[in-house]
Amino acid sequence: MDKDRKIVVPHLGRVEGHGGIDVEIEKGDISKVNMEIFEGSRFYEVLIIGKKYSEISSIVSRVCGICSAGHTLTSQMATENAFQIKITQRTEFLRGLLLHGEAIESHALHLGCLVLPDLLGYDGPLSMAKDYPKEVTIALNLKKLGNKIQELIGGRAIHPINAVVGGFGKCPSKTQLEQLKIELQKGLEMSDAIVDLFSKIKLPDFNFKEGIYSALLPKEERYSYLGDYIYTSDGITRPISEFRKVCHEKVVAHSTAKQSLYNNQPFMVGALARININHKYLTGKAKEALDKLFPILPSHNPLHINYAQAVELVHSIERSIQLIKFLFEIGFEHEEPVQFEVFASKGVGAIEVPRGTLYHYYEFNDKGEVVEADIITPTAQNLANVEKNMREAVKTLMQGPLNTLQSSLENIARAYDPCISCATHLVRIKFK
Amino acid sequence: MTKKPKIGIFGLTSCAGDQLAILNCEDELLTIADAFDILDWEMAKTNNDKVTELDIAFVEGVVAQTRDLEALQAIRKRSKLLVAIGTCAVWGGVAAMKNQIPREILKKEVYGEEINVVDSVEALPVRSFVKTDILLPGCPIEKEQFLQIAASLLHGDLPELLNFSVCSECKMRENACLVVEKGEICCGALTVSGCNARCPSHNIPCGGCHGPIEEVHYDANYTMFAQRGITKEEIQTKMSNFAAPAWMGQKLLSEIK
């Protein structure tokens with residue numbers, strides 16, 4: 001029983017960025033469970049110091065290729081918050097579409113290309129395609145649909161160029177949106193197939209303990225990725241300006257990403273946290289998917305993040321169709337970005353991006369140049385919780401075969417859909 | 001039929017956007033997987049082959065830590081051809097924007113005084129360290145350009161790369177000029193094409209994310225901006241975003257003093 005065991009996954013495959021897992025068991029006790037991050041540092045908060053408000057979003061977009069639309073919009077919302085800019089309804093709808101496009105692309109990529117191969121025993125989507133051509137094709141087509149939205153609204157699928165502070169450079173035409181709507185309707189059927197597939201896959205539970213989770217509360221009575229208040233599962237609601245009370249960051253030696261703690265405890269953000277908190281707002285086919293995949297809520301099993309993403313995939317497609325309808329109602333006349341004055345100020349922006357709540361905070365001088373910045377990404381918030389969940393799983397699986405333990409740990413880490421580039425952008429914190 | 005080329009796709013420190021751009025070739029991905037033998041691609045598969053010699057390595061990202069340099073040297077050693085993909089790999093990208101600030105200061109700013117855990121070096125492009133055979137800039141790369149390169153290499157040809165400016169593409173799309181009409185700082189005249197003038201076609205000035213064309217006319221551009229009341233600091237700030245080592249190291253700083 002007193003086994004010394006060591007598990008090292010030097011490079012976790014099928015995740016975005018460079019990370020690994022390092023576990024040590026000495027004399028039957030867990031002595032180490034580390035999610036190691038060794039992506040290089042890019043020091044974003046320092047890079048944007050001195051840059052003008054109009055330049056920031058296109059720089060911080062580069063924190064991450066996968067959630068570049070989320071970074072772009074969170075950045076613009078923080079800037080608008082600082083300069084008290086009111087955006088138009090059309091901009092709101094277009095931003096919604098862009099975010100849903102990102103969610104569709106990101107969730108389809110994760111579920112179809114990164115997670116399914118795990119569950120079906122393949123090393124990746126390309127080898128899986130030989131035996132499961134239909135499933136891989138559906139995942140790729142949904143991914144393509146998400147990219148099509150981002151391409152149309154953002155002007156580019158990765159690192160959007162069309163979204164600016166105060167609005168958009170160019171609005172899509174009626175014909176383009178009509179075409180997109182047809183494709184979204186086809187996508188809705190495809191997303192049904194994904195939900196069906198996942199409902200047939202039973203995800204294990206390694207005795208995960210109840211944990212804390214957090215997400216933005218929707219502004220209106222509907223499921224949304226936008227909100228002005230952060231809800232934590234201990235029952236507290238705070239305005240987004242108090243984001244530092246939720247994510248208190250610390251430096252750990254095995255990671256170039258800082259870890260976030262809430263009241264000195266790890267917590268979870270992302271699709272499962274959102275479903276746990278906001279599931280009552282789901283309607284339509286997304287509600288049907290929820291009922292199919294989640295007989296019990298809340299769930300504390302991180303592997304259920306995969307189910308939660310499948311539900312959100314359906315929701316994002318349905319909501320995109322609805323947003324196009326709204327855009328038709330308000331018409332298609334050209335609209336310039338809102339004009340505004342700059343002054344010395346500070347602002348915060350928050351969005352539920354695919355992996356969880358993303359915060360951007362900026363302070364500007366009277367010329368509209370950044371003097372202080374802070375970006376807290378979902379993966380940085382989740383890292384401590386990944387380690388907590390892995391520790392729980394090690395406890396359960398310690399005596400079993402080593403390869404089962406290793407693959408289970410990889411599955412847990414992968415379920416979080418970690419975006420390591422994001423986590424390692426390096427947060428600059430000054431608690432005042 | 002000849003054997004399938006063995007390839008690897010790699011990311012150094014980066015946003016993974018260029019690898020994502022390859023994954024975004026949804027219609028072509030399965031064909032690519034069929035035409036090439038993809039031995040090593042950590043972002044898309046597990047069980048990667050880390051030793052077999054490669055015909056082609058595609059490398060994204062910058063060298064920002066010694067770990068990146070070691071990885072890059074190992075990739076170069078095992079590969080016949082190395083294709084640098086993305087503006088980071090070709091020019092340094094955003095990470096190289098403020099290389100003039102010593103890393104020690106940056107680390108203290110970020111982590112505080114008490115812990116020094118970070119392996120960080122001045123961010124430089126792939127080609128500062130190893131021989132590159134093909135350079136494909138873009139932030140991210142345009143997937144059509146990637147597919148053209150992949151197709152050329154598959155047929156044993158070296159691809160021909162573009163060397164005209166975004167400005168030329170913009171004119172072909174008959175957009176109104178944002179510099180002339182609106183007095184904006186548009187980097188289109190200095191920046192290499194490939195994007196089909198995405199930004200100016202959306203009424204957004206070019207940010208220079210593909211890096212410079214060969215033989216840029218810095219003087220003429222600077223004069224053009226200056227005549228519209230734009231200061232040299234504003235021009236510098238804008239132009240240093242994506243390819244600072246190219247602009248700053250070569251000419252821009254000295255020419256616009």
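Calculation notes
- Residues numbered from 1 in each chain as written.
- Chains lettered and ligands numbered in written order.
- Predicted model: local features only at pLDDT ≥ 70, side-chain atom pairs only at ≥ 80, totals over all residues.
- Heavy atoms only, no water.
- Helix = DSSP H or I, 4+ residues; strand = E, 2+ residues; numbered from the N terminus.
- Rg over C-alpha atoms; globule rule 2.2 N^0.38 Å.
- Buried < 20%, exposed > 50% of the residue type's maximum accessible area, 1.4 Å probe, protein only.
- Contact = heavy atoms within 4.5 Å.
- Lys, Arg positive; Asp, Glu negative; His and termini not counted.
- Charge placed at Lys NZ, Arg CZ, Asp CG, Glu CD.
- Areas by Shrake-Rupley, 256 points an atom, 1.4 Å probe, with all protein chains shown as cover.
- Pairing = 2+ DSSP bridges.
- Axes fitted to C-alpha atoms, helices over the stretch in contact; angles between N-to-C directions.
- Buried area = accessible area lost by both parts, 1.4 Å probe.
- Salt bridge = Lys/Arg side-chain N within 4 Å of Asp/Glu carboxyl O.
- Polar contact = N/O pair within 3.5 Å; in protein donor to acceptor, adjacent residues only side chain to side chain.
- Expected span 1.5 Å × (residues − 1).
- Arc of directions from axis to C-beta.
- 1 Å grid on protein atoms, 1.4 Å probe; cavity = no way out; pocket = protein on both sides within 12 Å on 5 of 7 lines; lining within 4 Å.
- Points joined across faces, edges and corners; volume = space filled by probe spheres on them.
- Nonpolar A, V, L, I, M, F, W, Y, C, P; charged D, E, K, R; others polar.
- Core = buried A, V, L, I, M, F, W, Y, C linked by side-chain atoms within 4.5 Å.
- pLDDT = per-residue confidence, 0-100.
- Parallel < 35°, antiparallel > 145°, perpendicular 65-115°, else oblique.
- Left-handed = near helix turned anticlockwise from the far one by under 90°.

Asks: Summarise the overall build of chain A; cite the residues concerned and give the values.
Replies: Within chain A one finds 14 helices and 14 strands. Against the 2.2 N^0.38 benchmark of 22 Å for 432 residues, chain A shows a C-alpha radius of gyration of 21 Å, consistent with a compact globule. Looking at the 432 residues of chain A, the share that counts as buried comes to 65%. For chain A, contacts bridging at least 24 residues in sequence account for 71% of all contacts bridging at least 6. The distance from the centre of the 50 positive side-chain charges to the centre of the 52 negative ones in chain A is 1 Å.

Asks: How would you summarise the overall build of chain B if you had to cite specific residues and measurements?
Replies: Secondary structure assignment for chain B yields twelve helices and five strands. Relative to its length of 257 residues, chain B is compact, with a C-alpha radius of gyration of 20 Å against a globular reference of 18 Å. If you line up chain B on its principal axes, its C-alpha atoms span 60 × 55 × 25 Å. Residues classed as buried in chain B amount to 56% of the 257 residues present. Within chain B, counting contacts between residues at least 6 apart in sequence, those at least 24 apart form 74% of the total. A total accessible area of about 11000 Å² is found for chain B, and carbon and sulfur atoms account for 52% of it.

Asks: Which residues make up the sheet that holds strand 8 (residues 236-239) of chain A, and what values do they have?
Replies: Residues and elements named next belong to chain A. Across the sheet, four strands lie side by side as 8-7-6-11; this open sheet has mixed pairing. Among the strands making up the open sheet, the edge pair consists of strand 8 and strand 11 (267-268). Strands in contact with helix 9 (residues 271-278) are strand 6 (212-217), strand 7 (229-232) and strand 11; relative to strand 6, the strand with the most contacts, it is inclined by about 70°.

Asks: How would you summarise the interface of chain A and chain B if you had to cite specific residues and measurements?
Replies: Taken together, the 64 residues of chain A in the interface contact 57 residues of chain B. In this assembly, chain A packs against chain B so that about 5200 Å² is buried in total across both faces, 61% of it on carbon and sulfur atoms. Applying the counting criterion to the chain A and chain B interface returns four salt bridges. Our count for the chain A to chain B interface comes out at 20 residue pairs in polar contact (both at pLDDT 80 or more). Counting residues per element, the ones that place at least two in the side of chain A that touches chain B are helix 1 (44-47), helix 2 (53-60), helix 4 (89-120), helix 5 (125-131), helix 6 (133-154) and helix 13 (402-415) of chain A.

Asks: Run through the side chain of His 110 of chain A, naming residues and quoting values.
Replies: Tracing the backbone shows His 110 of chain A in helix 4. With sequence-adjacent residues up to four places away left out, His 110 of chain A is seen in contact with Val 115, Asn 306, Gln 309, Arg 414, Ala 415 and Asp 417 of chain A.

Asks: Would you mind going over helix 6 (residues 143-154) of chain B in detail, with residue names and values included?
Replies: All names here are of chain B. Helix length check: helix 6 (twelve residues) gives 16 Å between terminal C-alpha atoms against 16 Å at 1.5 Å per residue, within 8%. Taken residue by residue, helix 6 has Gln 145, Phe 146, Ile 149, Ala 150, Ser 152 and Leu 153 as its buried positions. Along the long axis of helix 6, the arc covered by the buried residues comes to 160°, so they all point the same way. Structurally, helix 6 contributes buried residues whose contacts are with helix 1 (17-23), helix 2 (29-35), strand 3 (54-60), strand 4 (79-85) and strand 5 (134-136). Gly 156 sits one or two positions beyond helix 6 and adopts a positive phi of about 80°.

Asks: Just give me the short version of empty space enclosed by the protein, but keep the residues and values in it.
Replies: Per the counting criterion, the structure on display carries eight cavities of 30 Å³ or more. Here the residues of the lining of the largest cavity are counted per class, giving six nonpolar, six polar and four charged.

Asks: Break down the sheet that holds strand 3 of chain B for me, with residues and values.
Replies: The strands making up a sheet are joined through hydrogen bonds of the backbone, oriented either antiparallel or parallel. Residues and elements named next belong to chain B. Strand order in this open sheet of five strands is 2-1-3-4-5, and the pairing throughout is parallel. This sheet does not close on itself; its edge strands, each paired only once, are strand 2 (37-40) and strand 5. Put simply, the sheet's adjacent strands are angled 25° from each other on average, direction ignored. Looking at chain direction, strand 1 (residues 6-11) and strand 3 are connected through five bridges and run parallel. Residue pairing across strands places Gly 11 opposite Glu 60, the latter belonging to strand 3. Helix-sheet contacts for helix 6 involve strand 3, strand 4 and strand 5, and the interaxial angle to strand 5 is about 160°.

Asks: How would you summarise the nonpolar core if you had to cite specific residues and measurements?
Replies: Counting residues in each nonpolar core, the largest one holds 153 residues, and the members touching the most others are Leu 409 of chain A together with Phe 58 of chain B. Per-element tally for this core: the top contributor is helix 4 of chain A, with 14 residues.

Asks: Account for the confidence of the model for chain B, naming residues and giving values.
Replies: Looking at chain B, pLDDT values average 88 and 91% of them are 70 or higher. On the interface metric, ipTM, the complex scores 0.93, and its pTM is 0.94.

Asks: Break down the packing of helix 12 (residues 378-397) of chain A against helix 13 of chain A for me, citing the residues and quoting the values.
Replies: Residue and element names in this part refer to chain A. It is at 10 Å that the axes of helix 12 and helix 13 come closest, and there the two elements cross at 155°. One finds that helix 12 runs roughly antiparallel with respect to helix 13. Crossing handedness for the pair helix 12 and helix 13: right-handed. Touching Val 386, Asn 389, Met 390, Ala 393, Val 394 and Leu 397 of helix 12 are Leu 405, Ser 408, Leu 409, Ile 412 and Ala 413, all from helix 13. Of the residues belonging to the contact of helix 12 with helix 13, the class tally is nine nonpolar, two polar and no charged.

Asks: Residues and numbers for the pattern of salt bridges, please.
Replies: This structure, assessed with the given rule, holds 35 salt bridges over all chains. Of the charged contacts in the structure, one is a salt bridge between Lys 144 of chain A and Asp 27 of chain B, with a shortest N-O distance of 2.7 Å. Of the two residues, Lys 144 of chain A is situated in helix 6 and Asp 27 of chain B in the loop between helix 1 and helix 2; the pairing between them involves two chains. Asp 196 of chain A is the salt-bridge partner of Lys 200 of chain A, the closest N and O atoms lying 3.7 Å from each other. For Lys 200 of chain A, a relative accessible area of 67% translates into the label exposed. For Asp 196 of chain A, a relative accessible area of 29% puts it in the partly exposed group. A single salt-bridge network, built from bridges that share partners, covers Lys 6, Asp 22, Glu 24 and Lys 32 of chain A.

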